[in-house]
Amino acid sequence: SGGIELGSAARLLKLKDFPPAADFAELLPKQHADWAAAIPFAAYTSRTGQLNLASALPHWSLPPDLGPKMYAAYGCIEETEPLD
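Residues numbered from 1 in each chain as written. Predicted model: local features only at pLDDT ≥ 70, side-chain atom pairs only at ≥ 80, totals over all residues. Heavy atoms only, no water.

A. Seen up close, the side chain of Asn-52. Looking at where Asn-52 falls in the secondary structure, it is placed in the loop between helix 3 (42-45) and strand 3 (70-76). Look at Asn-52 and you get buried, because its relative accessible area is 11%. Not counting residues within four places of it along the chain, the set of residues in contact with Asn-52 comprises Ala-43, Tyr-44, Thr-45, Ser-46 and Arg-47. (Helix = DSSP H or I, 4+ residues; strand = E, 2+ residues; numbered from the N terminus. Buried < 20%, exposed > 50% of the residue type's maximum accessible area, 1.4 Å probe, protein only. Contact = heavy atoms within 4.5 Å.)

Written as structure tokens, this is what we have:
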């Protein structure tokens, strides 16, 4: 589910593994271009980077999920007991 209800005051909302099945570059091309331009070490992190091992796999192999994937959570749980 999208969230966890914990009593009347606390609510946690989670978005995990987005997009679940689609390729981020195909689903949101503008955002992917912005993301790809902002990440460091392009030789390692770019899909076509010379030092990216996934880009050097044979064409017949099963390609890995190159992402990016988003995991986000929002909410607050009030502590009932102080942490030591």
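B. Layout of the environment of Ser-55. Within the secondary structure, Ser-55 is located in the loop between helix 3 and strand 3. Not counting chain neighbours up to four residues away, the residues in contact with Ser-55 comprise Arg-47, Thr-48 and Gly-49.

C. Highlighting the side chain of His-32. Tracing the backbone shows His-32 in helix 2 (residues 29-38). Relative accessible area serves as the criterion here: at 13%, His-32 is assigned to the buried category. For His-32, the residues in contact, after removing those within four places along its chain, are Phe-24, Ala-25, Arg-47 and Pro-68.

D. Structural context of the confidence of the model for the protein. For the protein, the mean per-residue pLDDT works out to 77, and 79% of the residues sit at or above 70. Element-level mean pLDDT values for the protein span from 52 in strand 1 (residues 3-6) up to 88 in helix 2. (pLDDT = per-residue confidence, 0-100.)

E. Quick peek at a nonpolar patch on the surface. A contiguous nonpolar patch, built from Phe-41, Tyr-44 and Leu-51 and spanning about 380 Å² of accessible area, is present on the exposed surface. Along the polypeptide, Leu-51 turns up in the loop between helix 3 and strand 3. (Patch = residues over 30% accessible without salt bridge, like charges linked within 9 Å, V, L, I, M, F, W, Y side chains within 5 Å. Areas by Shrake-Rupley, 256 points an atom, 1.4 Å probe, with all protein chains shown as cover. Salt bridge = Lys/Arg side-chain N within 4 Å of Asp/Glu carboxyl O.)

F. Spotlight on unusual backbone geometry. Phi is positive for Phe-41, close to 55°, though the residue is something other than glycine. Mapped onto the secondary structure, Phe-41 falls in the loop between helix 2 and helix 3. Residue Phe-41 is classed as exposed on the basis of its relative accessible area, which comes to 64%.

G. Structural detail: the pattern of salt bridges. Counted by the stated rule, this structure contains 2 salt bridges. Arg-47 serves as the salt-bridge partner of Asp-23, at 2.8 Å between the closest nitrogen and oxygen. You can see Asp-23 sitting in the loop between strand 2 (10-18) and helix 1 (24-27) and its partner Arg-47 sitting in the loop between helix 3 and strand 3, a full 24 residues away along the chain. Assessed through its relative accessible area of 29%, Arg-47 is described here as partly exposed. Among the ionic pairs, Asp-34 bridges to Lys-30, the shortest N-O distance being 3.3 Å. One end of the pair, Asp-34, and the other, Lys-30, are both in helix 2, 4 residues apart, so they sit about a helical turn from each other. A relative accessible area of 44% places Asp-34 in the partly exposed class.

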